[in-house]
Amino acid sequence: RLSAIEALGQRQLVTAGSMAHTDVIGYYQSQAKGCFTVLHYVDGNLLEKEYEIVPVSDSVEEAVSTLVKQFYLARQMAPKEILLPCEMDDSELFSQLLLQKLDKKVHIRVPRRGNNVRLVELARANAKEEAERVTSKEERATGLLSLLQSMLGLEALPRRMESYDISHIAGTDIVASMVVFVDGKPYKSGYRHFKLENMDNQDDYGAMRQVLHRRFAHYLAKDKGFDVMPDLLLIDGGAVHASAVVQELTDMGITVA
């Protein structure tokens, strides 16, 4: 039923005869996969959809340009008009190439307003739906971790992340929590709480140093529950808190991102 409603909406975007033979290109990429979509319209009716799952590209414009060329040159056929989601620097040259090979003038353009813009948006929505449909939960998680790795300039994927926070009541009853994520998912059996020792007043920096010292002292002793080295530490507070932790770990001979 949803497909029927979608098809009806697609046909309402154009009027019969206004798109005698037009292909609408859509492209979408997540952190895990890209999808190239071609919607084929004849006499204003959507007759066919084609999808191609592709690797993620550093440049959407370059990906669309390359895929469009590969698609039409491999088929040895083309429509009267191709609507693109982004500019193609050598579109005129490619149009001339199609004219030479197919003896057919093909207009290639990026719509700026009206129904054609909505058609390109529809093609992108189709590409997004297909890319997400074929992307597994594991791939989505890995894609997010890759993005985080890139943003933070890490050498490896942050598969195990540990977060630390200090809590107290008016400077007393100071405790700390350790929250663990593995492959982007909460790893609740790895969560830990620490009751701060020999601290009678509020000292967030000292508290954070003590917690991290105790956590990695357990690691050096290979104690169960602490015997895995994290790829990334997230410290609540600010730059001074983080610096205090770095100094403490350096004194222990340990390096963590």
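Residues numbered from 1 in each chain as written. Predicted model: local features only at pLDDT ≥ 70, side-chain atom pairs only at ≥ 80, totals over all residues. Heavy atoms only, no water.

1. Comments concerning the pairing of strand S2 (residues 34-42)
In step 1: Counting buried residues along S2, eight of its nine residues qualify, which places the element largely inside the surrounding structure.
In step 2: Connecting strand S1 (residues 21-29) to the antiparallel partner S2 that follows it, the hairpin turn spans four residues.
In step 3: Between S2 and the antiparallel strand that follows it, strand S3 (residues 45-54), lie two residues; Asp43 among them carries a positive phi value of about 55°. (Buried < 20%, exposed > 50% of the residue type's maximum accessible area, 1.4 Å probe, protein only. Helix = DSSP H or I, 4+ residues; strand = E, 2+ residues; numbered from the N terminus. Pairing = 2+ DSSP bridges.)

2. Describing the packing of aromatic side chains
In step 1: Per the stated rule, a full pass over the model turns up four aromatic pairs.
In step 2: With 6.3 Å between their ring centres and 75° between their planes, Phe216 and Tyr219 make a pair best called edge-to-face. Note that Phe216 and Tyr219 are positioned in helix H6 (residues 204-220) at a spacing of three residues, about one turn of the helix.
In step 3: The class of Tyr219 is partly exposed, set by a relative accessible area of 23%.
In step 4: An aromatic cluster of at least three residues, connected via ring pairs, comprises Phe36, Phe71 and Tyr72.
In step 5: Between Arg192 and the ring centre of Phe226, over which it is positioned, the NZ or CZ distance is 5.4 Å.
In step 6: Taking NZ or CZ as reference, Arg215 lies 4.6 Å from the ring centre of Phe216, over its face. (Phe/Tyr/Trp six-rings, centres within 6.5 Å; stacked < 30°, edge-to-face > 60°. Lys NZ or Arg CZ within 6 Å of the ring centre and 35° of its normal.)

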